[in-house]
Amino acid sequence: MTAAERRDDAVAALRRIAFLLERAQATSYRSEAFRTAANVVEQQEPARVAALVAAGGLTELTGVGARTAGVVELVWRGRDVPYLVELETALAEQTAADAAQATAAARALRDALRGDLHAHTDASDGGTPVQEMLLAAIEIGHEYLAVTDHSPRLTVAHGLSPARLRAQVEQLTALGRAVAPFRVLTGIEVDILADGTLDQEPALLDRLDVVVASVHSQLRMDRAAMTRRMLTAIRDPRTDVLGHCTGRRVLGKQRPQSEFDAEAVFAACAEHGVAVEINCRPDRLDPPDDLLALAADAGCDFAIDTDAHAPGQLDWQAEGCRRAARHGIDADRVINAWPVELLLERTRG
């Protein structure tokens, strides 16, 4: 094996550890340490990595600590990495347990999913560059990924100005050519402002493949006002998906769900062809089961999305599939189970 191949294998091991930590909901600083080290090692000439391994000097590289250096050294010498083995074993056990608990309908729905329509990069509040998100989506087996960073008003998440979004669209178009036949979909998670309008230039929204519209501010708004706000956004022909509709958080710093007329909101979604997002983030699981049942009964379509902010989080869709299956929602009603051409007919038509 050449030095270049050894280096690349070490980089792959570091990235795999980061992915598994993200998937397991570990704190971000742990996964970021491995991703940072992967990027640093990847940038080195193979001969330099070989010399540093031989001298026990990998920690001389900024961003490579003792633990990540140990991973590189083990891979370089053709040995197993115990930490990676431990994480892979934990994943296999969790996957087996999840499969045992899942119904046949949930498993079929998970197998039918072709992509994810809600994912963030470090252009807004995600943790990694878009290239790493795309590579993770390909590794998972997706056929497409919509990149949906935040809109300008959400300054705490470094939302994209019109100029930054235009630049990102150009970047995604170029990346799409590089990773074909995988499809990179341009998108946004656009804020629903207090009056129900969407927080981005309408002409720019018209250029995008997928528009996820979400409420991020004034979540305790009066029920009637919140209903009017959401209905205005749903009736906007640029809205494709209603994101995490209640805004609740059920883990960590918890937050109660917003109050609105769910029957009116879901009836409008069904009427205007806006998919209701089944948000798979463990801290959201939005909408709650009672509202998910209402949306299903209203005849809505759905998008089972991870709202991923790191590559490993793109593998969180199984819980959303289990929740959807419990309410009789099959793949025909889940728009990211559709072939990309059919999806784009819906979102761009």
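Above this note sits the structure.
These numbers come from a predicted model, not from an experiment.

K.L.:
Which residues make up the pairing of strand 7 (residues 302-305), and what values do they have?
P.N.:
Burial of strand 7 is two-sided: the residues Phe-302 and Ile-304 facing one way and the residues Ala-303 and Asp-305 facing the other way are all buried. As defined by bridge partners, strand 6 (residues 275-279) adjoins strand 7 across 4 bridges and the pair is classed as parallel. When the bridges of strand 7 are listed, Val-276 appears paired with Phe-302. Handedness of the crossover joining strand 6 and strand 7 through helix 12 (residues 289-297) is recorded here as right-handed.

K.L.:
Describe the pattern of salt bridges, listing the residues and the values that go with them.
P.N.:
Going through the model one piece at a time under the given rule, you end up with 21 salt bridges. Where Glu-170 meets Arg-207, a salt bridge forms, and the shortest distance between an N and an O atom there is 3.3 Å. Of this pair, Glu-170 sits in helix 8 (residues 162-179) while Arg-207 sits in helix 9 (residues 202-207), and the two are 37 residues apart along the sequence. A relative accessible area of 37% places Arg-207 in the partly exposed class. Arg-326 is the partner of Asp-289 in a salt bridge, and the nearest nitrogen-oxygen pair spans 3.7 Å. Pair noted here: Asp-289 is in helix 12 and Arg-326 is in helix 13 (residues 317-326), with a separation of 37 residues, a long-range link. On the basis of relative accessibility, which here comes to 52%, the residue Arg-326 falls in the exposed class. Overlapping salt bridges bring together Arg-16, Glu-88 and Glu-139 as one network.

Cut-offs applied
Residues numbered from 1 in each chain as written. Predicted model: local features only at pLDDT ≥ 70, side-chain atom pairs only at ≥ 80, totals over all residues. Heavy atoms only, no water. Buried < 20%, exposed > 50% of the residue type's maximum accessible area, 1.4 Å probe, protein only. Helix = DSSP H or I, 4+ residues; strand = E, 2+ residues; numbered from the N terminus. Pairing = 2+ DSSP bridges. Right-handed = clockwise from strand over helix to strand, strands pointing away. Salt bridge = Lys/Arg side-chain N within 4 Å of Asp/Glu carboxyl O.

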